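Here is what each chain is made of, one letter per residue.
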Amino acid sequence: MSLLPATARQVDTLVAEAQSAGRTPSLVIGVVRDGALTHLATAGAHPRPDADLQYRIGSISKTMTAALVMQERDAGRLALDDPLEKHLPGTPVGALTLRQLLGHASGLQREPEGAWWERAEGADLATLLAGVTAEKIAYPAHRSYHYSNLAYGLLGGVLERTTGTPWADLLRERLLEPLGMRRTTYAATEPFARGYVVHPWHDTLREEPRTDTGAMAPAGQLWSTAEDLARWAAFLAEPAPRVLAAETVTEMCAPVVISDLDSWTGGHGLGLELYRQGERVYVGHGGSMPGYVSALTVHRPSRTAVIGFANSYGFRTGGIGGLAQRILTTVLDAEPALPRPWLPAAAAPPAEVDEVSGRWWWMGASLDVTCHAAEGELVVYVRGERVSTFAPEGPDRWRGRSGPENGEVLSVLRDEAGRVVALDIATFVFTRTPDQEP
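My aim in this report is to walk through the structure given alongside it, one point at a time. (Residues numbered from 1 in each chain as written. Predicted model: local features only at pLDDT ≥ 70, side-chain atom pairs only at ≥ 80, totals over all residues. Heavy atoms only, no water.)

### Describing the nonpolar core
Link 1 in the chain: Met64, Leu154, Trp232 and Phe235 are the most contacted members of the largest nonpolar core, which has 75 residues in total.
Link 2 in the chain: When residues in this core are grouped by element, the largest group, 9 residues, is from helix α9 (residues 226–237).
Link 3 in the chain: Apart from residues lying up to four places away in sequence, Leu154 is in contact with Leu84, Leu88, Val93, Leu108, Leu128, Leu129 and Val132.
Link 4 in the chain: Counting 24 residues, the second largest nonpolar core, distinct from the first, contains Leu27, Val293, Ile320 and Leu328. (Core = buried A, V, L, I, M, F, W, Y, C linked by side-chain atoms within 4.5 Å. Buried < 20%, exposed > 50% of the residue type's maximum accessible area, 1.4 Å probe, protein only. Helix = DSSP H or I, 4+ residues; strand = E, 2+ residues; numbered from the N terminus. Contact = heavy atoms within 4.5 Å.)

### A word on the packing of helix α6 (residues 149–163) against helix α7 (residues 167–176)
Link 1 in the chain: At a minimum axis separation of 9 Å, α6 and α7 run at an interaxial angle of 75°. Judged by the angle between their axes, α6 and α7 are roughly perpendicular. Across the interface between the two elements, Leu159, Glu160 and Thr163 of α6 pack against Trp167, Leu170 and Arg174 of α7.
Link 2 in the chain: Among the residues forming the contact of α6 with α7, the class breakdown is 3 nonpolar, 1 polar and 2 charged. (Axes fitted to C-alpha atoms, helices over the stretch in contact; angles between N-to-C directions. Parallel < 35°, antiparallel > 145°, perpendicular 65-115°, else oblique. Nonpolar A, V, L, I, M, F, W, Y, C, P; charged D, E, K, R; others polar.)

### Considerations on the pattern of salt bridges
Any two side chains of opposite charge can pair if their charged atoms end up close together.
Link 1 in the chain: A complete count under the given rule lists 25 salt bridges for this structure.
Link 2 in the chain: As a salt-bridge pair, Glu113 and Lys136 come within 3.0 Å of each other at their nearest N and O atoms. Separated by 23 residues along the polypeptide, Glu113 in the loop between α4 (98–102) and α5 (125–130) and Lys136 in the loop between α5 and α6 bring together distant segments of the chain.
Link 3 in the chain: With its nearest N and O atoms 3.2 Å apart, the salt bridge here joins Arg172 to Asp169. Placement of the pair is Arg172 and Asp169 together in helix α7, with a separation of 3 residues, close to one helical turn.
Link 4 in the chain: Since its relative accessible area comes to 35%, Arg172 is described here as partly exposed.
Link 5 in the chain: By relative accessible area, Asp169 is classed as partly exposed at 28%.
Link 6 in the chain: When salt bridges with common partners are traced through the structure, they connect Glu72, Arg77 and Arg174 into a single cluster. (Salt bridge = Lys/Arg side-chain N within 4 Å of Asp/Glu carboxyl O.)

What follows is the structure, given as structure tokens:
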């Protein structure tokens, strides 16, 4: 569904103003709703942007590296609390865990040894590991947030050692091909925007090199288009189970560390940055490489996102990420997402579900239980508000899957005749009338 004309005009104006004030050769911002790129705002003509023009996405690559790690975790081939030593033996920082590396809570320094990796030709994994010394740990894990590109180079090494497949091949097979991201590539593929530094005094352009970053590629190598990055944003909003389970993506969005303790407006999950804007929390990541900046910002509850690219490194001043968040807020304020349509159930629920449906009472407070037939779940409402869901786990036993009862057990209690008389939710017993003692 396209944006309303007034909203589209607001977005287009913000992009035009940002391109002019940021002195960037080209700027493109895409709005994603319900799985599709619904609006593309462009400014600048060097080159003229469109949905199929590649830009370098920089650290947005980290979100895909993290997804690959989570795939391996879900498959049981590693655990997030594995020490690095288990997968990269002999590493002097081997006591750090994969979870700490994913969430930038390890205390590991930001960059690998040697020349600035983003602008230099990369080395292989053995060379990267040879430059990792114990001195690379700046302070104990979880003491503070500290962003680390090096951490993601090491995570890429873990993936390669665990799967026996190079990171780029694994990425293509596991993520890009299944999601139809055919224009997301390891190296620039025409048509692509050249990246520049804009001279501060006379507005001339200096083209930046397009390096192969080698073993550091999992931290920031990739190139993509507005159309493809919109697919990735849509996936983060509503995951495809064949790629990654929805509950795993939700786990990636839980904060590992708060990145600004003074205001609590940002944090970092498992490969995803978290941004609080008023009462909303967005997830995503920013990116930069010499000559390029990018943004990925997703509001998962409304399945709405904003993605963006610019081909001027200096445009990071003021922030393409901030622009993306502002545009996302503008869209959500102007056009709140419509609720999913209600659909009638195809059939009556099974007897064991029907028996627990209805109103229950505890200490004078009511609790309503309904059946979500399509999902096979029980949905619990308090004062008309949906609060928790439960999935079947065995006879008369359900396990919380969302809300405050996530992970807790709902047990169905029966009398001697087999009739349902109460629900026990984590030791809180609910009865059919407010007059019964629990």
